[in-house]
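Tertiary structure, described
Okay, here's what each chain looks like letter by letter:
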Amino acid sequence: MNIPVRKYDAVIVGAGGAGLRAAIQLSESGLSTAVLTKVFPTRSHTVAAQGGVAASLGNSEEDHWHWHMYDTVKGSDWLGDQDAIEFMCRRANEVVVELEHYGMPFDRTDEGKIYQRPFGGHMSHFGEKPVRRSCAAADRTGHAMLHAMYQRNVRANTQFLVEWMALDLLRDRDGRVVGVTAMEMESGELFVLHAKAVLLATGGAGRVFYSSTNAFINTGDGLGMAARAGIPLEDMEFWQFHPTGVAGAGVLITEGVRGEGGILRNASGERFMERYAPNAKDLASRDVVSRAMVTEIKEGRGCGTNKDYVLLDITHLDPKTIMMRLPGIREISIQFAGVDPIKDPIPVVPTAHYMMGGIPTNFRGEVVMPVNGVDQPVPGLYAAGECACASVHGANRLGTNSLLDLLVFGKSSGESTVEYIRKEVRAHPDLPHEAIELSRARLARLDAQRDGARVHDVREKLQRTMQDHCGVFRFADMLKQGVSKILDVEKDVASTEISDKSRVFNTARLEALELDNLVEVAKASLVSADGRKESRGAHVRDDAVDSPQCPNGRNDAEWLKHSLWYRDGNRLEYKPVQLQPLSVDTIELKKRAY
Amino acid sequence: MDAALNRLRWQCRRGMLELDLLLTAYFDARGASWSLAEREQFARLLDYDDTELWALLNGQTQSGDVGEQGLVERVRAQSPVRGSEVSISYPRGTS
């Protein structure tokens, strides 16, 4: 059977913020660029980003990229690479102004400048006092960004392959990436997209958790593709959680609810935060609240049949206050928890929100992997946005840096791709047929499978394993068990069966293919989390606690290094953190405290 | 399911989890029994941008079209979860 081949200069996988930004760079350089995407570009998960984009424009008060850099390094708990962080913070103003020129409707000051709001963790003078740094378009920043960049791409003649799913990277014997295999949903047909370079911008993978704020499309497709092609995944133990997602659904309940007087209660109705944070109580920081909730659940004080959630109670508030100040939350609670919070408390659990790790890149957006201990670019492969790990977020991400990440590294990866194609590739390299065969075999296996496992059941087992064993607060014994459980799940993934074998828009087939990617992300996360014997940023272990030698359980002497998980052998390697910025002095290690 | 209906199911996948949950739950409950007109009406609803659709489905805004507003109300009424048993709220896949 011949698989149809289409040729482009570059193929971008994913049309969220990072993919669209990179595509502008490529198409405006005159290269033929295809962007393939599972959903229409403006329906990418970037649409859910409301907070804004950080840039030290200084429009409202004095600000400086170096202060932003300091906040980012501190937020990362010193695991972020300081060269990439300097690069991102220095380039923030440029990419935000460019976006404005693309037509982004930023909120404005009376003088017509971009209006900037305060945001948690944004400080001036190296952590001294809060500063207004976040640039937003009302509460629709992500949405407005996607629209502005999509229009710019239309103008630049970017070719969109909408409702296509990429399956595998095509990497030749020399390690060069020369395209992808992809399925067109409308025909169900497999294609080869032959390219001089490929850029992955597939976003996050929050669907590995049972409770996640991520949309269904966030299945880590780029990470699965990279892992299957022999490329390691970096720092996958680091996931940011939000304390209050609606239990079971994952939909976010904003922190404003606790600000208005919401109280967290366990199964016996106790206001348990009084025991964990006697002063701040329910208004303690995200980490503290999340860990207290998990401790309550783990010690058997959770609510419901499975004792697996706690309650967020606002029934003591005046219904008029709820209707006036929290109408959206009441609506969410009724729709996704079946509970009117005026009468009954809302079931909530800590919920996975953002993946700090990903496909290892440098600040130029080149995918890198160590060769004899030194990072070398994988020729022809680039990555940007949440799927990539530059690493600017390190062990925890600073709010509003996710949109900045996708603008800065979307642009830099695009620039690097253009340079590579212009200087290094004269013609399309030959296609590696064995790599194409891998995709065909995956599809053939799925069509032929009998007596296999149901995709829904396997996915739920995977999500529950991640939720129970690799959640916001980690326990040494649970991590070990989790690693062994996920290897069992992997066996089920290899034998999934779909009853519907139709070709056109077969969601069942697509979900089975997504599961192949989710399982790589889950293995990487559990193995990396089990491996890292310290607490740092979002990775918090019960056996690595605060001590004079290890503040907050962070052990710089042994663990100031990035994890690299390899699919082959399910093994870990480590590489040093880049502590040397590009032009300024290193931001020296100290205890992370707010 | 036929191809056109399959396509609508895929297009219930959006950028926001809230929409994924609501649209998928409604589709799974009703999609198979739709008339052609009902399908077309649902397809038109899916044409909205995510933020506009969410504003409709969480009651912030109302559609000027009476028929469409009726559909919005039906989607809203088909919440993905009912009662306090939360473990059923994760939408079931198609496979």
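This report concerns the structure included in the present document.

Conventions adopted
- Residues numbered from 1 in each chain as written.
- Chains lettered and ligands numbered in written order.
- Predicted model: local features only at pLDDT ≥ 70, side-chain atom pairs only at ≥ 80, totals over all residues.
- Heavy atoms only, no water.
- Helix = DSSP H or I, 4+ residues; strand = E, 2+ residues; numbered from the N terminus.
- Rg over C-alpha atoms; globule rule 2.2 N^0.38 Å.
- Buried < 20%, exposed > 50% of the residue type's maximum accessible area, 1.4 Å probe, protein only.
- Contact = heavy atoms within 4.5 Å.
- Buried area = accessible area lost by both parts, 1.4 Å probe.
- Salt bridge = Lys/Arg side-chain N within 4 Å of Asp/Glu carboxyl O.
- Nonpolar A, V, L, I, M, F, W, Y, C, P; charged D, E, K, R; others polar.
- Axes fitted to C-alpha atoms, helices over the stretch in contact; angles between N-to-C directions.
- Parallel < 35°, antiparallel > 145°, perpendicular 65-115°, else oblique.
- Left-handed = near helix turned anticlockwise from the far one by under 90°.
- Core = buried A, V, L, I, M, F, W, Y, C linked by side-chain atoms within 4.5 Å.
- Phe/Tyr/Trp six-rings, centres within 6.5 Å; stacked < 30°, edge-to-face > 60°.
- Lys NZ or Arg CZ within 6 Å of the ring centre and 35° of its normal.
- Pairing = 2+ DSSP bridges.
- 1 Å grid on protein atoms, 1.4 Å probe; cavity = no way out; pocket = protein on both sides within 12 Å on 5 of 7 lines; lining within 4 Å.
- Points joined across faces, edges and corners; volume = space filled by probe spheres on them.

Check the secondary structure of chain A and you find 16 helices and 24 strands. The globule rule puts the C-alpha radius of gyration for 594 residues at 25 Å, and the 23 Å found for chain A is close to it. Reported as C-alpha extents along the three principal axes, the dimensions of chain A are approximately 65 × 65 × 50 Å. Looking at chain A as a whole, 63% of its 594 residues qualify as buried. Counting only contacts in chain A whose residues sit at least 6 apart along the sequence, the fraction spanning at least 24 positions is 74%.

Moving on to the interface of chain A and chain B. In this assembly, 55 residues from chain A lie in contact with 42 residues from chain B. Interface of chain A and chain B: buried area, both sides summed, is about 4200 Å²; carbon and sulfur atoms make up 52% of it. When the buried area of chain A at its contact with chain B is split by residue, A:Arg43, A:Phe216 and A:Gln335 rank highest and sum to 19% of it. Here chain A is connected to chain B by 4 salt bridges. Across the pair A:Glu511 and B:Arg13 runs a salt bridge, and its minimum N-O distance is 3.9 Å. Mapped onto the side of chain A that touches chain B, the elements with two or more residues apiece are helix H4 (141-155), helix H10 (327-337), helix H13 (455-469) and helix H15 (507-531) of chain A. Residues that form the side of chain A that touches chain B fall into these classes: 23 nonpolar, 18 polar and 14 charged.

Residues and elements named next belong to chain A. Here the structure, examined in full by the defined rule, presents 64 salt bridges over all chains. Among the ionic pairs, arginine 536 bridges to aspartate 556, the shortest N-O distance being 2.8 Å. Of this pair, arginine 536 sits in the loop between H15 and helix H16 (556-559) while aspartate 556 sits in helix H16; the two residues are 20 residues apart in sequence, bridging distant segments of the chain. Look at the salt bridges and you will find they share partners, linking Asp77, Glu237, Arg532, Glu534, Arg536, Arg554 and Asp556 into a network.

Turning our attention to the packing of helix H12 (residues 433-448) of chain A against H15(A). Residues and elements named next belong to chain A. Remark: H12 packs on H15, axes separated minimally by 11 Å, with the N-to-C direction vectors making an angle of 125°. Comparing the axis directions of H12 and H15 gives the class oblique. The hand of the H12/H15 crossing is right-handed. Every residue of H15 that contacts H12 at Arg442, Leu443, Leu446 and Asp447 is listed here: Arg509, Ala512, Leu513 and Asp516. A class-by-class count of the residues in the contact of H12 with H15 yields 4 nonpolar, no polar and 4 charged.

With that settled, the discussion passes to the nonpolar core. Counting 110 residues, the largest nonpolar core has A:Ile253, A:Leu264, A:Phe336, A:Phe409, B:Phe42 and B:Leu57 as its most contacted members. Residues A:Val178, A:Phe191, A:Val378 and A:Cys470 belong to the second largest nonpolar core, which totals 93 residues.

With the rule as written, the count across this model stands at 18 aromatic pairs over all chains. Between the aromatic rings of A:Phe209 and A:Phe241, the centroid separation amounts to 5.3 Å while the plane-to-plane angle is 80°, which identifies the pairing as edge-to-face. With A:Phe209 in the loop between strand S11 (197-200) and helix H5 (221-228) and A:Phe241 in strand S13 (residues 239-246), the pair connects residues that are 32 residues apart, well separated along the chain. Relative accessible area serves as the criterion here: at 0%, A:Phe209 is assigned to the buried category. A relative accessible area of 7% places A:Phe241 in the buried class. Grouped by ring-pair contacts, the aromatic residues B:Tyr26, B:Phe27, B:Trp34 and B:Phe42 constitute a single cluster. Across from the ring centre of A:Tyr354, 4.2 Å away, lies the NZ or CZ of A:Arg397, which sits over that ring. Looking at A:Arg464, its charged tip hangs above the ring of A:Tyr210, at a distance of 3.9 Å from the centre.

Residue and element names in this part refer to chain A. Here 4 strands make up an open sheet; going across it, the order is S13-S16-S15-S14 and the pairing antiparallel. Two strands lie at the open edges of the sheet, namely S13 and strand S14 (263-265), each paired on one side alone. Going from strand to strand, the sheet's axes swing by 45° on average, the running direction of each strand aside.

Unoccupied space between atoms shows up once a probe the size of one water molecule is rolled over them. All names here are of chain A. Counted according to the given criterion, the structure contains 3 cavities of 30 Å³ or more. Here the second largest cavity is characterised by a volume of approximately 70 Å³. Together, 13 residues line the second largest cavity, and Ala388, Cys389, Ala390, Val392 and Asp405 are the ones closest to its centre. Breaking the lining of the second largest cavity down by element, the ones donating at least two residues are strand S20 (388-389) and helix H11 (401-424).

Turning our eyes to something else, we now look at the layout of surface pockets. All names here are of chain A. Reported here for the second largest pocket is a volume of approximately 530 Å³. Looking at the second largest pocket, it is lined by 23 residues, and the ones nearest its centre are Ile297, Asp308, Val349, Gln467 and Asp468. Broken down by secondary-structure element, the contributors of at least two residues to the lining of the second largest pocket are helix H8 (286-298), strand S16 (346-355) and H13. Considering only residue class, the lining of the second largest pocket consists of 12 nonpolar, 6 polar and 5 charged.

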